[in-house]
Amino acid sequence: MQFDFTSGPIRRNLILFSLPLIGGNLLQQCYNIVDTWIVGRYLGNVPLAAVGSAFSLMILLNSLLLGLCMGSGVVFSQLYGENKTERMKQAIVNAFTAVSCASILLLMVAYLALPATAKLMRIPQEALPAFMGYLRIIFLGIPFTFLFNFCAAVLRGIGNSLTPLLFLLLSTVSNIVLDFLLVLTFKQGVEGAAAATVIAQGISALGLLIYIIFRLPQLRPNRSHFHLDRKLLHRILSVSVLTGFQQSIMNFGILMVQSLVNSFGIATMAAFTAGVKIDAFAYSPAQDFANGFSTYVAQNAGANKPERVQQGFRTALHLSLSFCLIISILVFLLARPLLSLFIAPTELEALNIGVQYLRTEGIFYVGIGLLFLLYATYRGVERAGMSIILTVISLGLRVLISYSFAPHFGVWMIWISIPIGWFIADAVGVLGLHRLFKTK
């Protein structure tokens, strides 16, 4: 199913287009949660803390590739909205070449910088072997991460969000089966969990590429599209590099927070690891809905329909904030049972710290829900620089408050710094959006 957002009902089409995006990310969260559950319950707190820190680093690296693919997808969507199919094929070729080179470079840098990164993140000595072993394998999945996200960006650019979901479903089932097989049956430890993830990533990435090549000939470039178009490449990079930079800044800030959390010991590391997993699962639908809304904005911007962009934002805002409010209530009430999925009941210190984390920042999910929509809107109208400003405000405040006050007043200051950063960035973003709409 493909969606043309330049006409038709807004609310219905946004929901239908976003549902596969939400489902796909929830599937990804599922196999991340399975990794965390197996490691935490069967391997213990130290491996759980190591995998949690490794996950924060991996998210940072993947975010760069995801941002490059998302930015490229904005151009694909705009060209699709302009009905320039041949130009879109040329954009696909140019973007694929640029982002694939970036993924190879990222893979090389990740391996070379791993020892220094472990030191920078203040990984405790007892968790270091598991941290290093997990990442040495998980880094092999970087090319697969690029390939899947790029293919998904191409399909979403033409309004097809269902097909990536189906391949993610296959990948998730494979990952879960391999997790149990490699970790529990063959006793491969955290390395087995990493190998399961890489194999699953390969299944989804290669499967999606084969699907596009053989089932969607209208997207398949021919020889005439394989040449460098400097103007088109500049347009792609101006959006994708800024989007990738924005995603990287966001996750670099998270990585710095992870480093500070690590200084509070294994129990806090384990609690934060479990809490972040719950967070990601809880508000990822709002993030995926916003990513779907970015396609809506890009198509209408390409079709020169600014009034439809404004209508869509109001509709998306109502849907997203209503969802976030409900999720906040559920997370607050169910904090301890949710954490008990990852942390053994006997680990009372880690459980108590995790409950404090979820109940402090989890009640403010409306802040991140609005911020996701602001990112999506600015990205869709090719104002990705504004997304960077909002990210710097949000993450900069989080890091500043955490490092300034947590060493003196405790880890609670790290938790409360998160919503403070969200809401101040929201205020700046809404003001900028008001001015943007006013000029249209």
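What comes next is a walk through the structure. Please read all numbers here as calculations on a predicted model, not as lab measurements.

**A few points about the packing of helix α2 (residues 45-81) against helix α6 (residues 142-157)**
Packed helix pairs are characterised by how far apart their axes lie and by the angle those axes make with each other. For the pair α2 and α6, the least separation of the axes is 8 Å and the interaxial angle reads 25°. Here α2 is positioned roughly parallel relative to α6, judged by the angle of their axes. Seen from above, α2 lies across α6 with right-handed handedness. Residues M58, L61, N62, L65, L66, C69, G73, F76, S77 and Y80 of α2 touch α6, and the partners they reach there are I142, T145, F146, N149, F150, A153, V154, R156 and G157. Partitioning the contact of α2 with α6 into residue classes produces 12 nonpolar, six polar and one charged.

**What about the environment of Q287?**
With respect to the helices and strands, the residue Q287 is situated in helix α10 (residues 266-302). Of the residues examined, Q287 reaches a relative accessible area of 23% and is grouped as partly exposed. Leaving out residues up to four positions away in the same chain, Q287 has contacts with N25 and F372.

**Topic: helix α7 (residues 162-185)**
For α7, built from 24 residues, the straight-helix expectation of 34 Å at 1.5 Å per residue is met to within 8% by its first-to-last C-alpha distance of 34 Å. Once α7 finishes, K187 follows within two positions and takes phi at roughly 55°, a positive value.

**Focus on α2**
The end-to-end C-alpha separation of α2 is 50 Å, in line with the 54 Å expected for 37 residues at 1.5 Å each. Its axis deflected by about 25° at N62, α2 carries its strongest bend there. For α2, a buried count of 32 out of 37 residues is recorded, marking the element as mostly surrounded by other parts of the structure. Residue N83 follows α2 closely and has a positive phi angle near 60°.

**Considering the pattern of salt bridges**
Pairs may arise between side chains of opposite charge once their charged atoms sit close together. Scanning all chains against the criterion turns up five salt bridges. With a closest N to O distance of 3.4 Å, E82 and K84 form a salt bridge. Take E82: its relative accessible area is 25%, and that puts it in the partly exposed class. Note that E82 and R235 form a salt bridge whose closest N and O atoms lie 3.9 Å from each other. A residue pair is termed long-range when its members are at least 10 positions apart, and E82 in the loop between α2 and α3 (85-112) and R235 in helix α9 (residues 230-262) qualify at 153 residues. One network of salt bridges, in which partners are shared, links E82, K84, R235 and E382.

**Re the side chain of S240**
For S240, the location among the structural elements is in helix α9. Other than its neighbours up to four places away in sequence, S240 contacts G67, L68, G71 and S72.

The rules behind these values
- Residues numbered from 1 in each chain as written.
- Predicted model: local features only at pLDDT ≥ 70, side-chain atom pairs only at ≥ 80, totals over all residues.
- Heavy atoms only, no water.
- Axes fitted to C-alpha atoms, helices over the stretch in contact; angles between N-to-C directions.
- Helix = DSSP H or I, 4+ residues; strand = E, 2+ residues; numbered from the N terminus.
- Parallel < 35°, antiparallel > 145°, perpendicular 65-115°, else oblique.
- Left-handed = near helix turned anticlockwise from the far one by under 90°.
- Contact = heavy atoms within 4.5 Å.
- Nonpolar A, V, L, I, M, F, W, Y, C, P; charged D, E, K, R; others polar.
- Buried < 20%, exposed > 50% of the residue type's maximum accessible area, 1.4 Å probe, protein only.
- Expected span 1.5 Å × (residues − 1).
- Bend = angle between axes of the 7 residues up to and from the residue.
- Salt bridge = Lys/Arg side-chain N within 4 Å of Asp/Glu carboxyl O.

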